[in-house]
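Descriptive analysis of the structure
Listed below are the residues making up each chain.
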Amino acid sequence: MVVRLLARVAALLLGSVFLLPTLASAQAASGIAGLVRDTTGAVLPGVTVEASSPALIEKVRSGVTDGEGRYNIVNLRPGQYVVTFTLTGFSGVRREGIDLPGGFTATVNADMRVGSVEETITVSGASPLVDTSNVRQQSVVQRELLDALPSGGRSVQALVSITPGLQMAATQQDVGGSRGESFVSTSVHGSRAFDSLLMWDGMRATSLEIGGGGRGILMNMGSTQEIVLQTGGISAESPQAGLIMNVVPKEGGNRFAGYLLGNWTNNDFQSDNLTDGLRARGLTLVNSVKEIWDANAGLGGPLVKDKLWFFTATRSWGRSNIVAGNYFNKTQGTPFYTPDLSRPAINNEHNYSQNLRLTWQATPRNKFNFFGDIQDDCSCRPVAGTAAPEAVVGFRFKPAYLAQATWTAPVTTRLLLEAGFTGHPLQWPGFAQPEVGPNDISILEVSTGFRYNSPNIAGITAVGGRTSAQVNERFSASYVTGSHSIKTGLTLLHGWRRAYQTINGNIDYTFRNGVPLSVNIWAAPIELKEREKAELGLYVQDQWTVNRLTLNLGLRYDYLNSFVPAQKLPANQYLPERSYAAVPNVPNFKDVNPRAGVAWDIFGTGKTALKGNVGRYVGGVGVDLARAANPVATVVSTASRNWTDANGDFTPQESELGPYSAATFGQPRVTSRLSSAITEGFGVRANNWNVSAEVQHELMPGLSVTGGYYRRWFGNFTASDNQAVVPENYSPYSITAPADPRLPGGGGYVISGLADVSVARFGQIDVLALPASNFGEQKETADFVNLSFAARLPRAVQVGGGFDTGRRVTDACFVVDSPQALYQCRVVTPMRANSQLKLYASYPLPWGFGASGTYQSLPGIPIQASYVATNAQIAPSLGRNLASCGLAAVCNGTSTVNLIEPNTMFEGRINQVDLRLAKTLRFQHGIRLNASLDLYNAFNASPVLSINAAYGPRWLTPQAILDGRLVKFGAQLTF
């Protein structure tokens, strides 16, 4: 038996290599499976098993037990199920009250006794809590739970706040919706943020930014049934292994149902949490909420009973915040920033979504879903502590569409076919604020890290326009018996990206303490185009159950091909018109990724499972490599020049400027290239391996606990080698850190290992990206442990949460060009920087009242000190002026050095408690009104979320703290 099993595994994996490549849909559908026996314990083949639920438009899905007495009904909608077992000569068995969440296979066994078919034994009991068939680690967040908890903006931040192991930037820490819907970069157990994906009904709904996992469609909670968060043990259906978040939309039903929700607050209901300790650090004011609102309505029901259902939802939500210590500029349009204390900065955004989903049971075996969502979102003035209100770019995400069509066909009780199409065009033009005139130049004050007067062009903060559109299709076939199931599928994803960037005057200034230091010159306007030609993959996922052991084996072949089309840029005052040829195969990747897992029902009761898995996963790419190879991006589009403002007129003259930091500025010659060794070939794509082991146990009906260990290590790193220089072209120097009791050991220590390129080689750029292994061994590993629990207890009590901690190590201690690469080359992120505790609870009280709450204890942010050392400080040990000074007698040259070893100093932990008191009123015809009073940051805590890391007068001054205690009012009507 074992020999035959292993032979089948080998044949399957070997044969799948030669199948057509596909990209997995990563759809974690639900299922019901189990074992049927008679009263003697003998297995019963041929038993008809039917799973019925109001969630199914087809009403019933069925299966038949195989020769080992096992059945498996797959691709079920989340919902409440009744499972019946019938076999001639035996009494029927009916199992009620099966609560099936998304991505979960519920084990429902039956013992049948001899009797008449007409006689049915009804069994009621708690729903299974332990999935003994699948090895993936996941959390399922039902919309009703988010509605019951004080979940703030009902956004990604709300999901992160109750899910142990999920991490986001501290600046995204939400208080009652105060952070809005800005893009949240989320990781889990040491994953990279760009390995995470947002799926909509099992298909990708993200943009091509950030490895293909950039901002996508926003969640309209009115049409969301539940959200499945896969955090590990990802099967061969997914190319990546970050957080895979799948939104399961509502489908309507055979009766009309809907709801209305609204919540609101403003700054009259917020406390001031500025403490004496924060004042002593230079913080005189704190951010506050100006207004937060959310209006959401949904309605679903039958257009034709049992034939055509609909569900539609509309949502309007947003917020505006007062940014502490940041003011509009009284002297806008001049070289000076003068805060207008009567006009504090306002950070605001608003969002709108309208969607419709149609579910059509065309024939008994053909079901279609059609979904469309139209959104209009505006991050109109995303002010932070590092830029004045006029120096930020607003974004209008319009149009933002998601269109989807899917088809499922259970051809027989064993064969299931699925197909789908998703289109997601997304545009977001970036616009300057109305205060900015066409001649206002962007200025950065380096002593405080504060930008004012106008936006600059770095990153995605540029004025201009952006488009990122993708379409993806999928097809899969599943063959399922009770003991064995196999699934294979084909999908295709392709898309295009465009970014257009401008900057006033094609120049920006850098000042230090109000004195000109340097200028940055830009080859603007800049337009960049990339195309994702094909992202394909093939997966085969096979599963066998032998006694209490379930073996999950998979193999995946991934293919990715992107290119850069031909481009042309207009002339500006510095440069003539430029043309660039197309660049193919950036990248052209091919990878084979094995996955293997095992689930052991230890006692055969379905209540205790030991799970383990190992798998190789590719890193998210999107069009990032195509952008890196884009000639418009790889030519030197910006150069800095030291500026000595001799006449004090704040206008740079040629005689006052030093040499270009890049001698090839604006030239059509590409100065940054990608070697084919990292863009083309088999197995060269960035990847990571994951190994995990978990134990899941049902302690009592409705309560389960999980403990796990997770290890991740990365491979295929790249390094940038400037071919115009060699290590011998650099001269060593050292600096002395300032004496400061806040620095390690009180400061005054010598920092060596720093280096400056020779004057002759300054500005020479000819970068070639190569495998890092050409220069040395680079490592990146992460080890995490988790202990969590979840409970759905009698009287609608819900509790859950857990503890998660881990350690991450990155090591790149080798020299490519500059010997300074060895300075702080090994970074250890200790457990204290990753330890988190998250808890939630919802408890009904007498007389229709209810109470709920969440608690988060998160690590404090790391402290850094970015020190700008002057030429005068550096020259004595260097033996000459910095190369950026050229031959000038007077030089404003600087070099920036981090004074503190990374992840050795931290702010205090971030602790937050949110509470809710609710009252439910019930009326006739099932109408229910729920009124709520929320108290966010109930203890008015004020942990620091970001600091000024620029060493100087404002070093360690908090730039953001947790928003103060906030009261919020809400109401929800369901019918």
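Presented here is a report on the structure given in the accompanying data block. (Residues numbered from 1 in each chain as written. Predicted model: local features only at pLDDT ≥ 70, side-chain atom pairs only at ≥ 80, totals over all residues. Heavy atoms only, no water.)

**With respect to the overall build of the protein**
Counting its secondary structure elements, the protein contains nine helices and 57 strands. Dimensions of the protein, computed from C-alpha atoms along their principal axes, come out at roughly 105 × 65 × 55 Å. Relative to its full complement of 975 residues, the protein shows a buried share of 58%. For the protein, long-range pairs separated by at least 24 residues make up 73% of all intrachain contacts whose partners lie at least 6 apart in sequence. Entry remark: accessible area of the protein is about 37200 Å², with carbon and sulfur atoms responsible for 61%. Each charge class in the protein was averaged separately, 80 positive and 72 negative side chains, and the resulting centres sit 4 Å apart. (Helix = DSSP H or I, 4+ residues; strand = E, 2+ residues; numbered from the N terminus. Buried < 20%, exposed > 50% of the residue type's maximum accessible area, 1.4 Å probe, protein only. Contact = heavy atoms within 4.5 Å. Areas by Shrake-Rupley, 256 points an atom, 1.4 Å probe, with all protein chains shown as cover. Lys, Arg positive; Asp, Glu negative; His and termini not counted. Charge placed at Lys NZ, Arg CZ, Asp CG, Glu CD.)

**Quick notes on the state of the cysteines**
What the rule picks out here adds up to three disulfides. Sequence-ordered numbering of the bonded cysteines in the protein gives a disulfide pattern of 1-2, 3-4, 5-6. (Disulfide = S-S within 2.5 Å.)

**Regarding the environment of Pro335**
Here Pro335 shows up in the loop between strand S19 (308–329) and strand S20 (339–363). Apart from the residues within four sequence positions on either side, Pro335 is in contact with Ile443, Tyr452, Phe511 and Phe650.

**Examining unusual backbone geometry**
Between Ala524 and the following residue, Pro525, the backbone shows a cis peptide bond with an omega angle of 0°. Within the secondary structure layout, Pro525 lies in the loop between strand S30 (515–522) and strand S31 (526–546). Pro587 follows Val586 through a cis peptide bond whose omega is 10°. Checked against the element boundaries, Pro587 lands in the loop between strand S34 (578–580) and strand S35 (588–601). Even without a glycine there, the phi angle at Asn937 is positive, about 50°. In this structure, Asn937 sits in the loop between strand S54 (928–936) and strand S55 (944–947). Of note, Leu956 is a non-glycine position whose phi angle comes to about 70°, a positive value. Counting through the fold element by element, Leu956 comes out in the loop between S55 and strand S56 (958–961).

**Let's talk about the nonpolar core**
In terms of nonpolar packing, the biggest core is built from 34 residues, with Ile735, Leu743, Leu899 and Trp955 touching the most fellow members. Secondary-structure elements contributing two or more residues to this core are strand S43 (730–736), strand S44 (750–757), strand S51 (866–870), helix H9 (871–878), S55 and S56. When neighbours within four sequence positions are excluded, Leu743 is seen to be in contact with Ala737, Pro738, Tyr749, Ala865, Leu899, Ile900, Tyr951 and Trp955. In terms of nonpolar packing, the next biggest core, distinct from the first, is built from 27 residues, Val156, Ala158, Ile217 and Tyr840 among them. (Core = buried A, V, L, I, M, F, W, Y, C linked by side-chain atoms within 4.5 Å.)

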